[in-house]
Each structure stands twice: as structure tokens, then as C-alpha cells.
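Reading the structure
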Amino acid sequence: MQHTRHGQKRPRTLLNLGVYATAGLAAIAVGVPAMASTDAPSPAGRIGTEVHVDTDLAISTASPLRTRDIATNLTIREYGDTVGAGAINKALASSRACVEDEHCASLAVSFQIITMGGSHLHLLARNVSRATNSHCDGCQSAAGAYQFIVDTPDVFRMGAGTRRELARIQDALRLLEDSGASPATLHRRADQLAARVVAILQDAVAHVPQHRARTRPGYAPAPHKPLVTLHRLTDGWRPAGR
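All of the points below concern the structure found in this document. As the structure is a prediction and not an experimental result, all values here were calculated from the model. (Residues numbered from 1 in each chain as written. Predicted model: local features only at pLDDT ≥ 70, side-chain atom pairs only at ≥ 80, totals over all residues. Heavy atoms only, no water.)

In this section: the nonpolar core. Of all hydrophobic cores here, the largest spans 30 residues; its most connected members are Phe 111, Ile 113, Phe 148 and Val 197. Elements supplying a minimum of two residues to this core: β4 (68–81), β6 (105–117), β8 (140–152), α1 (160–178) and α2 (183–205). Of all the elements, α2 adds the most residues to this core, at 10 residues. Excluding anything up to four places from it in sequence, Ile 113 contacts Leu 74, Thr 75, Ile 76, Arg 77, Phe 148, Met 158, Leu 166, Val 197 and Leu 201. (Core = buried A, V, L, I, M, F, W, Y, C linked by side-chain atoms within 4.5 Å. Buried < 20%, exposed > 50% of the residue type's maximum accessible area, 1.4 Å probe, protein only. Helix = DSSP H or I, 4+ residues; strand = E, 2+ residues; numbered from the N terminus. Contact = heavy atoms within 4.5 Å.)

A separate point is α1. The first and last C-alpha atoms of α1 sit 28 Å apart over 19 residues, in line with the 27 Å expected at 1.5 Å per residue. For α1, the set of buried residues is Thr 162, Arg 163, Leu 166, Ile 169, Gln 170, Ala 172, Leu 173, Leu 176 and Glu 177. Along the long axis of α1, the arc covered by the buried residues comes to 165°, so they all point the same way. Opposite its buried face, α1 presents the exposed residues Arg 164 and Leu 175, each directed more than 90 degrees away. Positive phi appears at Gly 180, one or two residues downstream of α1, with a value of about 70°. (Expected span 1.5 Å × (residues − 1). Arc of directions from axis to C-beta.)

Here the focus is the pairing of strand β5 (residues 84–96). The pairing of strand β3 (residues 51–62) with β5 spans 12 bridges and is classified as parallel. Note that in β5 the partner of Val 53 across the bridge is Gly 86. Relative to strand β7 (residues 124–134), β5 runs parallel, the two sharing 11 bridges. Looking at the pairing, Gly 86 lines up with Leu 124 of β7. (Pairing = 2+ DSSP bridges.)

To continue, consider the sheet that holds β3. The strand order β3-β5-β7 describes an open sheet built from 3 strands, whose pairing is parallel. Because the sheet does not close on itself, it has two edges, and the strands there are β3 and β7. With direction set aside, neighbouring strand axes in the sheet form an average angle of 5°. (Axes fitted to C-alpha atoms, helices over the stretch in contact; angles between N-to-C directions.)

With that settled, consider the state of the cysteines. Enumeration over the complete set of coordinates arrives at 2 disulfides. Each disulfide pairs two cysteine sulfurs, and for Cys 136 the partner residue is Cys 139, the sulfurs being separated by 1.8 Å. Disulfide Cys 136-Cys 139: torsion about the S-S bond near -65°, hence left-handed. Of the two residues examined, Cys 136 and Cys 139, each falls in the buried class. Each bonded cysteine of the chain gets a number by its place in the sequence, and the pairs then read 1-2, 3-4. (Disulfide = S-S within 2.5 Å.)

What follows concerns the side chain of Asp 56. One can find Asp 56 in strand β3. Look past the residues within four positions of Asp 56 in its chain and what remains in contact with it is Asn 73, Thr 75, Arg 77, Ile 88, Asn 89, Lys 90, Ser 110 and Gln 112.

All right, on to the side chain of Ser 110 then. Assignment of secondary structure puts Ser 110 in strand β6. Only 2.6 Å separates the side chain of Ser 110 from the side chain of Asn 89, close enough to count as a polar contact. For Ser 110, the contacting residues outside a window of four places in its chain are Asp 56, Leu 57, Ala 58, Asn 73, Asn 89, Lys 90, Ala 91, Gly 144, Ala 145 and Tyr 146. (Polar contact = N/O pair within 3.5 Å; in protein donor to acceptor, adjacent residues only side chain to side chain.)

Turning next to the environment of Ala 172. Summarising the element assignment, Ala 172 is placed in helix α1. On the accessibility criterion, Ala 172 (7% relative accessible area) is buried. As a C-alpha pair, Ala 172 and Arg 189 span 17 residues in sequence and 9.2 Å in three-dimensional space. Look past the residues within four positions of Ala 172 in its chain and what remains in contact with it is Arg 189 and Leu 193.

Such coordinate-based values are descriptive only and should not be taken to indicate function.
As C-alpha cells, then:
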């Protein structure tokens, strides 16, 4: 995690490009289709093994003490050969107790990338995006949660080239922190970066062998071809009062 201060602006960026191994993680097996929701509770799952449970988030809070606060996150989780997974991605932005001439602004953007391959139960993917203004005249709060799911016929690992391209996306997210642009412009730019991530992931899996992993007894078969899915939820991109 990197922290930077510029006057009353504190941009924060989290980049996690590690490989997350199966062994040693707490796990629950989830037998439900992939989904994205803002507030609904996750469907109950049964206890199992070889399943990942992870939460990634970006949180920003603007106030009279820090009138502009921006947080971005890009996390890659490579689950590999796994029975199933539960993953939560959160972007939470809030502005509090500012007067109109302070022009408080809060922005949170979180990109979560998940890869899994072979025969498994379904992934439970939950996306949360929330922007709030509390006793804050003229404040601007915006949040965007972008969750990218890559499902392949067999185990897939990203190459160095793919990781370099995703690192460039990280650099572009940092530019959002320093741009001073309007929420509408930031919204458009975040969507453009998300489209680039989809293109990068589709290119990365384009040449994955079509051989399907063995189907585990009682589990769903591996997909016939690589699938890249984006779950996108945004909130509060328009300035308050409009």
C-alpha cells in the first residue's frame, strides 16, 4: 500500500499483484451462480474444502480536515485449480460535515480481478459500490466497483506481459487521483480503464489450450472456452444537488 499527502488531498492506492495459493486459506463451498449485488446478503453456502474467500476494497472519506480524498485499488487473485470461491469487491466513498465553499470531494474505485480454471462449483461474486454525503452541502462523492472474472477450461496463470499491462492500468488509476476532474469525467475514465482490463484479459486467455480439466464428481464441468466477465456497479457520479 502506498500513501501520499498533497496539502488537503490524500490519494491512496492499493496494488496487489500476488498469486494466492490454495493451501492454508479458510474456505466455504458455494453452490450458486456468479452474481453482483449492492446490499443483498450472500446466499448461504455449505462447508467444503479448497475454496477461497476474499474481500478487496477502496475507501475514501472527505471532511473539513481533508477536503479531497481519493482511494483506488487493483487486486489480482489467481485461484487456479479450486473447487469454488467467494469474493467481495467494495468501493465506498463518503463526504461529511463540509460547507459548500470547501468543495469537498471523495472518490473510491476498486478493480478486483479473479482467475480460476477447471471443474469447480460456482463462484459467488459480490460487488458493493456506495457513495454518501452526510451534512455536506455541495459535496461530491463517487464510488465504482469493477469485478473481473476469468474462468478457463484448465488452470490459467497470467504471464509477465499481462502483469505489465495491468501495472499500467495501476498507473492510470493514480492519474485519476491527481486529475482534479469532475465526477462525470472520472466516471468515464474509470469505465475506459475497465474496458482496457477486459481487453487485456481476453487477449491473455485467447491462446489458452482448449483441453478441459477432468470433471470432479458432483461438480460442474469446466467451461468449453475461456470466459471473461465484468461486474460493474457505480454510485454518486453526479454532483450533489443535480
